[in-house]
Amino acid sequence: MGPHHPSTHGVFRMDVKLDGETVVDLQPVFGYLHRNHEKLAENMSYLGSMPFTDRLDYFNSMTNNWAYALAAEKLVEIEVPERADYLRVIMAELTRLVNHVSLVGFFINDLGALGTPLLYAFREREKILDLFEQASGARMMCNYFRFGGLRNDVPEGWLDRARDVVDHFPVFLDEYEQLLCENEIILSRTQGVGCLSRDLAISAGITGPMLRASGVNYDIRKVDKYSIYDRFQFRVPYTDGNVGDCYDRFMVRMLEMRESIRILKQALDGIGDGPVLGNAPKVFKPKPAEVYGRVEAPKGELGFYLIADGTPKPYRYRVRPPSLINLTVLRDMCLGQKVADAVIILGSIDIVLGEVDR
Amino acid sequence: MSLLGGGIFKGMAVTLRNFVGSYFYKDRLTTNDYSWRPTDKLPQHAGEYPKEEGEQLRDATTVTNYSRNFPMLLHDGSEPMDTIRCVACQICERECPPQCIYIEKSTEKKENAGGKPQFYPAKFDIDVSVCMSCQICVEVCPFDAIVMNSQFELSTPDRFGGLLLRRDDLLKSNDYYHNIHPEEAAARDKRIAEEKAAKEAKKKAAAEAARKKAEEKAKADAEASEGTPDIQEDAE
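Residues numbered from 1 in each chain as written. Chains lettered and ligands numbered in written order. Predicted model: local features only at pLDDT ≥ 70, side-chain atom pairs only at ≥ 80, totals over all residues.

Novice: Please provide a residue-by-residue account of the overall build of chain B, values included.
Specialist: Scanning chain B from N- to C-terminus turns up six helices and eight strands. Considering only intrachain contacts with a sequence separation of at least 6, the fraction spanning at least 24 residues in chain B is 67%. (Helix = DSSP H or I, 4+ residues; strand = E, 2+ residues; numbered from the N terminus. Contact = placed C-beta atoms within 7 Å.)

Below you can see the structure in the form of structure tokens.
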């Protein structure tokens, strides 16, 4: 299957061995979208690779920026102003809404509901992307974060518009849940399909909603408490780990959106005035050091590992992409399932090929 | 679960609500219909979505301030090449992540808007088919010479020459910049004025100090010269 199969979310190929319609063996083949991101970054100033991080997981440019900024800030110890931290949280949680809402849309699309749920999802996503455009100038390739803060403050009235969008989002979510969560077709297609056991998920290094759907309560926002996440009240949805099927992964994301809205409401209430860019040095030239900065991206743990050698360019630059590592269990989940199920299992992993291949 | 198929009926109700609702609430529209609009009335810049009579649009973006597409070069006065801000320092060329800028420095200096002899770019090409609109060039420019344009109707049948913007295509006046990014341009002009004032104050202070120093030196010299004959006399 692939690399241009519409259900593979990009250019991704699966070597599938079949017995009738049952998958006997499956081998993922990727690398079609390889753009040499890590080597490019090693030949570029630290700031120069910030716009390239947008293109890793092109649905969530804000969290990609954040992970990179977090790693670089560890290199030179920059203080991030409070307002910038709040705005970062707001942007990251909006990104999570964007990602989950479009993921669910695509997932249902893979199930065969062509168009309708996806268009509803994209309609809501577009409202958030409008917010991104107003703040950063671009819908998807935001390039908004800087070492020590943000590039610019949000324009006047932006916070009110954001509050408006956030307040209306639950209405859409209610409708969406009514549309999808009890639908018999979805239940019969997703329940018991693509089970991922708790032990396998842990040993394979799965992170994000997929890990939580397999029954592990692990969220870097809670574990690391990076930035100001310790100030917000929110829960981490996870299952009891008995099944870990596609439906669990779908539902964990639906519930996570509710929690994101909770965080967003608190952040929009708590944000104060102030500068948005800290005392970032004009020439970014860190001392030799090794750092690893990670955030809870919507797809899982996104980490940047940087080695500085005292020059304006990183000596080594490595991305830990959640999509690629979550993809490693594809074979185990697909064995013994039908071909049509392999498509939705891939959909429920939530990969973006820009991040898998880099 | 009570009734088999109940979930499907519930879902259908949602679809129906959205279908009927889309005629009354623009929040429920999934797409904006521009198809009826003649091509010469399409918006040219981000933020230019003039709503026409009877047109129902989902709230299209109102962004004007930070919208960005491709860079442009600023000049201050009416004659572009006499008042160009760029001094061909080539920082943007070096910092550009996808390396889409090509600059050739002029061989001789020419007076700029401030009346100061400066180099200028003999060639300044931006290949917009490579440019990824990241705005790094704007951030690194120490002369506020390059800023982002928001014009997006750039499609052309010629994919080589048509997408290679030359210096004269890129030159835009500061008024144009104020027109498309009012807040940002005002903030930038304010900052430039402040920096200029600070520079002038510093220059003034330096000149004052230099004058004082010169005066003191002259005094000292005078004293010294007054003293020297004595020394000379002594020497004699």
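Read on, since the account is not over.
Novice: Just give me the short version of the overall build of chain A, but keep the residues and values in it.
Specialist: Counting secondary structure elements, chain A contains 15 helices and seven strands. Its C-alpha atoms give chain A a radius of gyration of 20 Å, within 12% of the compact-globule value 21 Å for 358 residues. With the principal axes as the frame, chain A shows a C-alpha extent of 65 × 45 × 35 Å. Counting only residues that meet the buried cut, chain A has 53% of its 358 residues in that class. The contacts in chain A between residues at least 6 apart in sequence include a share of 73% that link residues at least 24 apart. (Rg over C-alpha atoms; globule rule 2.2 N^0.38 Å. Buried ≥ 20, exposed ≤ 12 C-beta atoms within 10 Å, placed from the backbone.)

Novice: Pulling in residues and values, what's your account of helix α14 (residues 339-349) of chain A?
Specialist: Residues and elements named next belong to chain A. Burial within α14 is extensive, with nine of its eleven residues counted as buried. Buried within α14 we find D341, A342, V343, I344, I345, L346, G347, S348 and I349. D350 occupies a position one or two residues after α14 and carries a positive phi of about 70°.

Novice: Lay out the sheet that holds strand β2 (residues 101-105) of chain B in plain terms, naming residues and giving numbers.
Specialist: Residue and element names in this part refer to chain B. One open sheet holds the three strands; their spatial order is β2-β5-β7, and the pairing between them is antiparallel. Strands with a single pairing partner mark the edges of an open sheet, and in this sheet they are β2 and β7 (164-165). In this structure, strand β5 (residues 121-127) lies alongside β7, joined through two bridges in antiparallel fashion. Pairing of I126 across the sheet is with L165, part of β7. (Pairing = 2+ DSSP bridges.)

Novice: Go over the interface of chain B and chain A with me, naming the residues and quoting the values.
Specialist: Listed by partner, the interface residues are 25 residues for chain B and 27 residues for chain A. Residues that form the side of chain B that touches chain A fall into these classes: nine nonpolar, twelve polar and four charged. (Nonpolar A, V, L, I, M, F, W, Y, C, P; charged D, E, K, R; others polar.)

Novice: How would you explain the domain arrangement of chain B if you had to name every residue and give the values?
Specialist: The assigned domain composition of chain B is domain 1 (21-62), domain 2 (71-180) and domain 3 (182-225). Centre-to-centre, using C-alpha coordinates, domain 2 of chain B lies 31 Å away from domain 3 of chain B. (Domains from an automatic or database assignment.)

Novice: Give me unusual backbone geometry: which residues, what numbers.
Specialist: Here S227(A), not a glycine, exhibits a phi torsion of approximately 55°, which is positive. As for its placement among the helices and strands, S227(A) is situated in the loop between α10 (220-223) and α11 (246-270). Residue classification places S227(A) among the partly exposed positions, given that 18 C-beta atoms sit within 10 Å. For Q99(B), which is not glycine, the phi dihedral falls at a positive 60°. Tracing the chain through its elements places Q99(B) in the loop between α2 (91-95) and β2.

Novice: Describe the sheet that holds strand β1 (residues 71-75) of chain B, naming the residues involved and giving the relevant values.
Specialist: Residues and elements named next belong to chain B. Strand order in the open sheet formed by three strands is β6-β1-β8, and the pairing between neighbours is mixed. Each edge of the open sheet is held by one strand with a lone partner, namely β6 (146-148) and β8 (171-173). Adjacent strand axes in the sheet meet at a mean angle of 50°, parallel and antiparallel pairs treated alike. Bridging between β1 and β6 involves three bridges; their strand directions are antiparallel. Bridged to P71 within β6 is M148. (Axes fitted to C-alpha atoms, helices over the stretch in contact; angles between N-to-C directions.)

Novice: Which residues make up the packing of helix α3 (residues 61-76) of chain A against helix α4 (residues 82-111) of chain A, and what values do they have?
Specialist: Residue and element names in this part refer to chain A. Interhelical geometry of α3 versus α4 gives an angle of 135° and a closest axis separation of 8 Å. In terms of axis orientation, α3 runs oblique to α4. Here α3 contributes M62, T63 and W66 to the contact with α4, which in turn contributes R88, M91, A92 and T95. Class assignment for the residues of the contact of α3 with α4 results in four nonpolar, two polar and one charged. (Parallel < 35°, antiparallel > 145°, perpendicular 65-115°, else oblique.)

Novice: Summarise the nonpolar core; cite the residues concerned and give the values.
Specialist: Within the largest apolar cluster, 131 residues are counted, with the highest numbers of intra-cluster contacts made by A67(A), I90(A), L330(A), I345(A) and L73(B). Element by element, the count of residues in this core is highest for α4(A), at 16 residues. Here I345(A) is in contact with V193(A), G194(A), C246(A), L330(A), M333(A), C334(A) and Q337(A), once residues within four sequence places are set aside. (Core = buried A, V, L, I, M, F, W, Y, C linked by C-beta atoms within 7 Å.)

Novice: Before we move on, could you go through α3(A) and cite the residues and values that matter?
Specialist: All names here are of chain A. Between its terminal C-alpha atoms α3 stretches 23 Å, which fits the 22 Å expected from 16 residues at 1.5 Å a residue. A large share of α3 lies buried, amounting to 14 of its 16 residues. Of the residues flanking the end of α3, it is E77, one or two places downstream, whose phi is positive at about 55°. (Expected span 1.5 Å × (residues − 1).)

Novice: With reference to specific residues and values, describe the environment of D54(A).
Specialist: Residues and elements named next belong to chain A. If you trace the backbone, D54 turns up in helix α2 (residues 50-54). Residue D54 is classed as buried on the basis of its C-beta count, with 24 C-beta atoms lying within 10 Å. For the pair D54 and G354, spaced 300 residues apart in sequence, the C-alpha to C-alpha distance is 9.7 Å. With residues near it in sequence (within four places) discarded, D54 still touches S61, N64, N65, M141, C142 and N143.

Novice: Can you lay out the environment of V343(A) for me, pointing to particular residues and giving the numbers?
Specialist: Residue and element names in this part refer to chain A. Here V343 shows up in helix α14. C-beta crowding within 10 Å serves as the criterion here: with 21 such atoms nearby, V343 is assigned to the buried category. Taking the C-alpha atoms as reference points, V343 and F107, separated by 236 residues in sequence, lie 9.2 Å from one another.

Novice: Explain the environment of H37(A) to me, using residue names and the numbers behind them.
Specialist: Residue and element names in this part refer to chain A. Mapped onto the elements of the fold, H37 is located in helix α1 (residues 37-42). Considered as a pair, H37 and S323 are 286 residues apart in the sequence and their alpha carbons are 15 Å apart. Beyond its immediate stretch of four places on either side in the chain, H37 contacts F52, L56, V319 and R358.

Novice: Help me get a handle on the pairing of β1(B), residues and values and all.
Specialist: Residue and element names in this part refer to chain B. Counting buried positions over the five residues of β1 gives five, a clear majority of the element. Residue alternation in β1 divides its side chains into two sets, P71, L73 and H75 and M72 and L74, and both sets are buried. For β1 and β8, the ladder comprises three bridges, and the chain directions are parallel. Across the sheet, residue H75 finds its bridge partner in β8, namely S173.

Novice: Explain the packing of α4(A) against α14(A) residue by residue, including any values.
Specialist: Residue and element names in this part refer to chain A. Between α4 and α14, the least distance of the axes is 9 Å, while the angle of their chain directions is 180°. One way to sum up the angle between α4 and α14 is to call them roughly antiparallel. Together, F106, F107, D110 and L111 of α4 and V343, I344, G347 and S348 of α14 make up the contact between the two elements. Residue classes in the contact of α4 with α14 are distributed as five nonpolar, two polar and one charged.

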